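Residue-level listing of the chains:
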Amino acid sequence: MVGIWGMGGIGKTTVAKAIYNKFYHNFDSKSFLADVRETAKDSNGKIALQERLLSDVLKPTKIVVGDVSRGINVIRERLGRKKVLFIVDDVDHEDQLNALAVRRDSFGPGSRIIITTRDRHLLELLKVDTIHLTQEMNEEEAIELFSWHAFQNHSPNEDYIELSRRVVTYCGGLPLALEILGSFLFGRSIEDWISTLKKLKKIPDVRIQSRLRISFDAIDESQRNIFLHICCYFIGMDKNYVIKILKGCGFSPEIEISVLLQRCLVTVSEKNKLMMHDLLRDMGREVVREESPNRPERRSRLWRKEDVIDVLTDESGTEETEGLAINLQRSDNMSFSTVSFRNMKRLKLLQLNHVQLTGDCDKFPKKLRWLCFRGFSLQFIRNELLNETYLVSVDLRYSNLVRVWEYSWRLGKLEILNLSHSHYLKQSPDFSHLPKLRYLILKDCVSLPEIHWSVGLLRRLALLNLKGCTMLKDLPEDFYKLIHVKTLVLSGCSRFENLSKNIGNMISLKTLIISGTAISEVPSSVDNMRRLDFSSRQGLSGLKRCFQDETSGPIRG
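All residue numbers refer to position in the chain's written sequence, counted from 1. Reporting of local features is limited, given that this is a predicted model, to residues whose pLDDT is at least 70; pairs of side-chain atoms are given and counted only at 80 or more, and all residues count toward the totals for whole chains, interfaces and linings. Excluding hydrogens and water, the side-chain figures rest on all heavy atoms present in the structure.

Student: A description of the nonpolar core should follow, citing residues and the corresponding values.
Tutor: Only buried residues count toward a nonpolar core, which is a set of Ala, Val, Leu, Ile, Met, Phe, Trp, Tyr and Cys residues joined through side-chain atoms within 4.5 Å. A 1.4 Å probe rolled over the protein chains alone gives each residue an accessible area, and that area as a share of the maximum for its type sets the label: buried under 20%, exposed over 50%, partly exposed in between. Of all hydrophobic cores here, the largest spans 97 residues; its most connected members are Phe-86, Val-88, Val-102, Phe-227 and Phe-234. Dropping the residues within four chain positions of it, Val-88 is found in contact with Leu-33, Val-36, Leu-97, Leu-100, Val-102, Ile-113, Ile-114, Ile-115 and Thr-116. Residues Leu-328, Leu-411, Leu-437 and Tyr-480 belong to the second largest nonpolar core, which totals 71 residues. Residue contacts are defined here by distance: any two heavy atoms, one from each residue, within 4.5 Å place the two residues in contact.

Student: So what's going on with the packing of aromatic side chains? Which residues, and what values?
Tutor: Note on aromatic pairs: the rings of Phe, Tyr and Trp (six-membered ring only in Trp) are paired at centre separations within 6.5 Å, and the planes decide the class, stacked below 30 degrees, edge-to-face beyond 60, tilted for the rest. Across all of its chains, the model carries 16 aromatic pairs by this definition. On the numbers, 5.5 Å between centres and 65 degrees between planes, the contact of Phe-341 with Phe-364 is edge-to-face. Placement of the pair is Phe-341 in the loop between strand E10 (334-337) and strand E11 (349-353) and Phe-364 in the loop between strand E12 (355-358) and strand E13 (370-372), with a sequence separation of 23 residues. Summarising the burial analysis for this pair, Phe-341 and Phe-364 share the class buried. Taken together, Phe-146, Phe-151, Tyr-160 and Trp-193 form an aromatic cluster joined through their ring pairs. The criterion for a charge sitting over a ring is simple: Lys NZ or Arg CZ within 6 Å of the ring centre, and within 35 degrees of the ring normal. The ring of Trp-5 is capped by Arg-120, whose NZ or CZ atom sits 5.0 Å from the centre of that ring. Above the ring of Tyr-390, the side-chain terminus of Arg-369 is found at 4.5 Å from the ring centroid. Starting at the N terminus, helices and strands are each numbered in turn, a helix being any DSSP run of H or I of at least four residues and a strand any DSSP run of E of at least two.

Student: Mind laying out the pattern of salt bridges, listing which residues take part and the relevant values?
Tutor: Salt bridge, as used here, is a side-chain nitrogen of Lys or Arg placed within 4 Å of a carboxyl oxygen of Asp or Glu. Evaluated as defined, the whole model comprises 26 salt bridges. The residue Glu-286 makes a salt bridge to Arg-289 at a minimum N-O spacing of 2.9 Å. Taken together, the residues span about one helical turn, with Glu-286 and Arg-289 both in helix H15 (residues 278-289) at a distance of three residues. Exposure remark for Glu-286: the relative accessible area of 9% places this residue in the buried category. Judged by relative accessible area, which is 21%, Arg-289 ranks as partly exposed.

Student: Lay out empty space enclosed by the protein in plain terms, naming residues and giving numbers.
Tutor: The pocket and cavity definitions rest on a 1 Å grid over protein atoms only: a 1.4 Å probe that fits but cannot leave marks a cavity, an open set with protein on both sides within 12 Å along at least five of seven lines marks a pocket, and residues lining either have an atom within 4 Å of a point. Grid points are joined across faces, edges and corners, and a volume is the space filled by probe spheres set on the points. Evaluation of the coordinates by the stated rule reveals three cavities of 30 Å³ or more. Computed from the structure, the largest cavity encloses a volume of approximately 70 Å³. Along its surface, the largest cavity is lined by Arg-37, Asp-90, Val-91, Asp-92, Arg-118, Ile-214, Ser-215, Ala-218 and Arg-263. Elements with a contribution of two residues or more to the lining of the largest cavity: strand E3 (84-91) and helix H11 (206-217). In this count, Pro and Cys sit with the nonpolar residues alongside Ala, Val, Leu, Ile, Met, Phe, Trp and Tyr, while Asp, Glu, Lys and Arg are called charged and the others, Gly among them, polar. Here the residues of the lining of the largest cavity are counted per class, giving three nonpolar, one polar and five charged.

Student: Got a sec to walk through the environment of Leu-386? Specific residues and values, please.
Tutor: Here Leu-386 is to be found in the loop between E13 and strand E14 (393-395). The sequence separation of Leu-386 and Pro-365 amounts to 21 residues, and the corresponding C-alpha distance is 9.9 Å. The residues contacting Leu-386, other than those within four sequence positions of it, are Ile-381, Leu-391, Trp-405, Trp-409 and Leu-411.

Student: Help me get a handle on helix H8 (residues 161-171), residues and values and all.
Tutor: Taken together, the buried positions of H8 are occupied by Leu-163, Ser-164, Val-167, Val-168, Tyr-170 and Cys-171. Down the axis of H8, the smallest arc covering the buried residues is 155 degrees, so these residues share one side. In H8, the exposed positions angled more than 90 degrees off the buried face are occupied by Glu-162 and Thr-169. Gly-172, located one to two residues past H8, shows a positive phi value of around 60 degrees. What the arc covers is the set of directions going from the helix axis to the C-beta atoms.

Here it is in structure tokens:
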């Protein structure tokens, strides 16, 4: 048994047809059951599928099975000894395969069963021998397929070459989109092509969206909400961070994201970033837009720059909005009043990159889980702004902070704090009231001379990234008592000279990066750290060892 798996419109059926056409003559018995998902929706759909299979294999005999259970028995009895080539196309539920008696021993020796689906989990349940992931077309293949539909030729007409490339880029190598848009643009003027491309930036093609939306409609409400959060806010973000934020929103993200992965609605890159095909992203965003096409303030999520500016400028926000994101440039010099948020009482996800806020902080949302405020313009955060009981992640990269907050503030659920590229930061935050902090990222904080002693209180800390902190010379001794730290990055800390002799107590440490530091020797205990990965050991291999004698102090060798 072979599974062909991939997102909607990627060409799974085309691949299956090609296999069938190439090999069907090697089998006396064969059947290609197309559109199984659609057929099975009808009240007698599974019976119809059973009868089609029997009819294909037993031609010219026609068998009426009457009900599903009898059909399963008939398939096993009549086809169990035959060498069959059987293609089951577009399956989305296990009971469809059960109705067709699809198992490893369903048919006779030499049989081949090929199943196409958007759901990898179905193939894993069946324990198929091989799962083939159908990939997007490369640019050359995509141009050719598009050209056959748009120009009835293998390449674009000369006047349309650049426009064709723009359409192909939009389609992202998805055969379905290439075929639909190619056919639509056939014979149309250059002006029509330009107009179509402009329209697609705002509203996706309904024929493409309807096919892609099949996968979205097949998942449950919780999975849909997570998918929409990802496509509006979290594409390109570390999967582990997104899981923490979504947990804070009340979801069970590990299992839900695994379902999205199995259904090809999201992917995870080699660097553990959550990714998504651009057309799936557009489909999800269109689902949100359709909630209230003409009144963006009534949508559950806002991400489009023009819509966000209108809502914040008009102060027209409503309780419907759960997430809002605007990503400006520092040069935009745009400010909004905190009053704009006073009615957004259910807001959980907020991104205000390079935005300036005015007004009283008591109007700011109080149920945030994710606050991304890159380019934060003040020198410290007023405590009223951080009166956030539920806050899980704070991202203040590229800020003007000199110190983080007025005085230590309890953020009992905060797990992620990112202050990277805050070049004016001279005072480390006090961590004593951040009991759940797990990820602390302070990359390129070039004015930061030391880390607050309270970092040693962060019993759950798993990652500390200090890359490029060129003023930093060492870490508090209590830091080396933390047994859950897995990653310590000191690369580019050019003044950092010494690792504590107690680093050997950090029993969970897997990654230790010290390139570009002033470290010339390391405690001998690093050689006993069993969990250190290969690259970390390589980075330590050329350094001298400092052996500790409790009576006479360090012995260097």
